[in-house]
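Here's the letter readout for the chains.
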Amino acid sequence: MIKLNDVQDVRSSKNPIISEMSRMGHEQVVFCQDQLTGLNAIIAIHSTTLGPALGGTRMWNYSNELEALNDVLRLSRGMTFKASISGLELGGGKAVIIGDAKKEKTDGLMRRFGEFVDTLNGHYVTAEDVGMTPHDMEMIRQTTSHVSGIPKSMGGSGDPSPVTAYGVFMGMKASAKYKWGSDDLSGKKILVEGVGHVGMNLVKLLSKEGAIIYSTDISEERLSIAASDYGAIIVDKYEAYEMDIDVYAPCALGASVNDYSLGRLNCEIIAGAANNQLADEQRHGQIILDKGIVYAPDFLINAGGLVSVYSELKGYDFAEIISKTEGIYDTTLEIFRKSELEGITSHEAAKQIAQARIERVLSE
Ligand code: NAD
């Protein structure tokens, strides 16, 4: 992570941004600025070894530019691992637009952002992420063709969230199989934190399976839908962490697996959709391992949406999307076995498998 002091240290002969890119393995970082529309954005291309760097654009009101830069560097690297472990011919990239999506977003700003994406000639392909809407993607598409995840009405693959949820469900079932010898989730007590696009679809699948679902969210509206449509039991977030549950499914924001939650959580499995769940990959991954909790790596089990978006680039094939997403089950088990055999965290095991595929391609 780049800190303010690094940037301010003008005596240093090293460029802190390039040093961090080198440490994390990024190929290219593009800073975009436009006075007319007020656009301030960063596009990070982590890797194009396996294919074009695909990853969504996030519009977020970052408190400063460094926070935005660190976020885009971390997220784009995660996309490389996600694509690689899912066997896709895709690299990893991500973009962030700095600003308040509710107040500062205009169609002109989106179109201008698209022009910047276009200058990269397809090395980076964008998609929807937090703070963006299908309408924004339509605006971006007016100035670049390097966009994926467009609405079904426009010939695209549509909202990827149901497929993401299905992949998470597969990862959760594989975790259950590994931990309890059966992947049947009926009667299991599952806490779904965040019942948004993915979380609600997951709740739907879990309810069909006969699980006992507990839900937390900051939106009363979402909670009441989860309760009325799928019988979820609404719980207070902080009380939920202290409850006796079987599975914790983080489906809201990143870094929810941290010192606070791990100090309280009483569960046997962690499997959810949120990106970058571990606040500290190494340390929290190790605490989870030491506690005997089975952790399904986020970038593996939430890859269903990427599989769906990828299919749009290759020629939409729903059967193939489902089959690839169901493959998450076997890959999750493979990772747990590697983790056990080598005494490493499941997150590290998944990263090693993803990196090995990239290294194989690089050495060909
Ligand atoms: P979303 O914005 O639709 O849903 C997030 C939900 O979390 C919302 O209902 C929100 O109110 C709730 N929330 C926010 N802060 C919370 C908190 N502190 N405690 C409890 N609830 C809180 O987003 P989504 O598309 O459902 O994505 C959920 C997560 O999964 C994100 O981390 C996203 O990056 C990741 N993810 C999504 C996809 C996808 O296909 N949408 C794919 C891969 C990863």
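What this report covers is the structure whose coordinates are included nearby.

Procedures and definitions
Residues numbered from 1 in each chain as written. Predicted model: local features only at pLDDT ≥ 70, side-chain atom pairs only at ≥ 80, totals over all residues. Heavy atoms only, no water. Helix = DSSP H or I, 4+ residues; strand = E, 2+ residues; numbered from the N terminus. Rg over C-alpha atoms; globule rule 2.2 N^0.38 Å. Buried < 20%, exposed > 50% of the residue type's maximum accessible area, 1.4 Å probe, protein only. Contact = heavy atoms within 4.5 Å. Areas by Shrake-Rupley, 256 points an atom, 1.4 Å probe, with all protein chains shown as cover. Lys, Arg positive; Asp, Glu negative; His and termini not counted. Charge placed at Lys NZ, Arg CZ, Asp CG, Glu CD. Pairing = 2+ DSSP bridges. Axes fitted to C-alpha atoms, helices over the stretch in contact; angles between N-to-C directions. Parallel < 35°, antiparallel > 145°, perpendicular 65-115°, else oblique. Left-handed = near helix turned anticlockwise from the far one by under 90°. Nonpolar A, V, L, I, M, F, W, Y, C, P; charged D, E, K, R; others polar. Near = heavy atom within 4 Å. Polar contact = N/O pair within 3.5 Å; in protein donor to acceptor, adjacent residues only side chain to side chain.

## Some thoughts on the overall build of the protein chain
No. 1: Check the secondary structure of the protein chain and you find 15 helices and 12 strands.
No. 2: At 20 Å, the protein chain has a C-alpha radius of gyration in line with the 21 Å of a compact globule built from 364 residues.
No. 3: By principal-axis analysis of the C-alpha atoms, the protein chain measures approximately 55 × 45 × 40 Å.
No. 4: Expressed as a percentage of the 364 residues in the protein chain, the buried residues total 52%.
No. 5: For the protein chain, long-range pairs separated by at least 24 residues make up 65% of all intrachain contacts whose partners lie at least 6 apart in sequence.
No. 6: As presented, the protein chain carries roughly 16,200 Å² of accessible surface, and 49% of it is formed by carbon and sulfur atoms.
No. 7: For the protein chain, the centre of its 35 positive side-chain charges and the centre of its 49 negative side-chain charges are spaced 2 Å apart.

## Notes on the sheet that holds strand β12 (residues 294–295)
No. 1: Taken in spatial order, the 6 strands line up as β9-β8-β7-β10-β11-β12 in an open sheet, and their pairing is parallel. Of all strands in the sheet, those bounded by a partner on one side alone are β9 (233–234) and β12.
No. 2: Both strand β7 (residues 189–193) and strand β8 (residues 212–216) contribute to a ladder of 5 bridges, which runs parallel. Bridge pairing in β8 places Glu-193 opposite Thr-216.

## Thoughts on the packing of helix α14 (residues 318–342) against helix α15 (residues 346–363)
No. 1: Running from amino to carboxyl end, α14 crosses α15 at an angle of 110°, the nearest separation of the two axes being 8 Å. In this view, α14 runs roughly perpendicular relative to α15, as classed from their interaxial angle. Note that α14 runs across α15; the crossing there is right-handed. Contacts from Glu-334, Ile-335, Phe-336, Lys-338, Ser-339 and Glu-342 in α14 reach Ser-346, Ala-349, Ala-350, Gln-352 and Ile-353 in α15.
No. 2: Here the residues of the contact of α14 with α15 are counted per class, giving 5 nonpolar, 3 polar and 3 charged.

## Digging into the site of the ligand
No. 1: The environment of the ligand is made up of 22 residues, and the closest members are Thr-164, His-197, Val-198, Asp-217 and Ala-252.
No. 2: Here Thr-164 contributes a side-chain N or O atom positioned 2.7 Å from an oxygen atom of the ligand.
No. 3: Take Val-198: an N or O atom from its main chain is 2.8 Å from an oxygen atom of the ligand.
No. 4: Protein chains bury 77% of the 830 Å² of accessible surface belonging to the ligand in isolation.
No. 5: Every element with two or more residues in the shell around the ligand is listed here: α6 (161–180) and α7 (197–209).

## Some words on the side chain of Thr-126
No. 1: In this structure, Thr-126 sits in the loop between β6 (124–125) and α5 (134–141).
No. 2: Classification of Thr-126 by relative accessible area gives buried; the value is 0%.
No. 3: Those residues in contact with Thr-126, other than ones at most four positions away along the chain, are Gly-55, Gly-56, Thr-57, Phe-113, Met-137, Ile-140, His-146, Val-147 and Ser-148.

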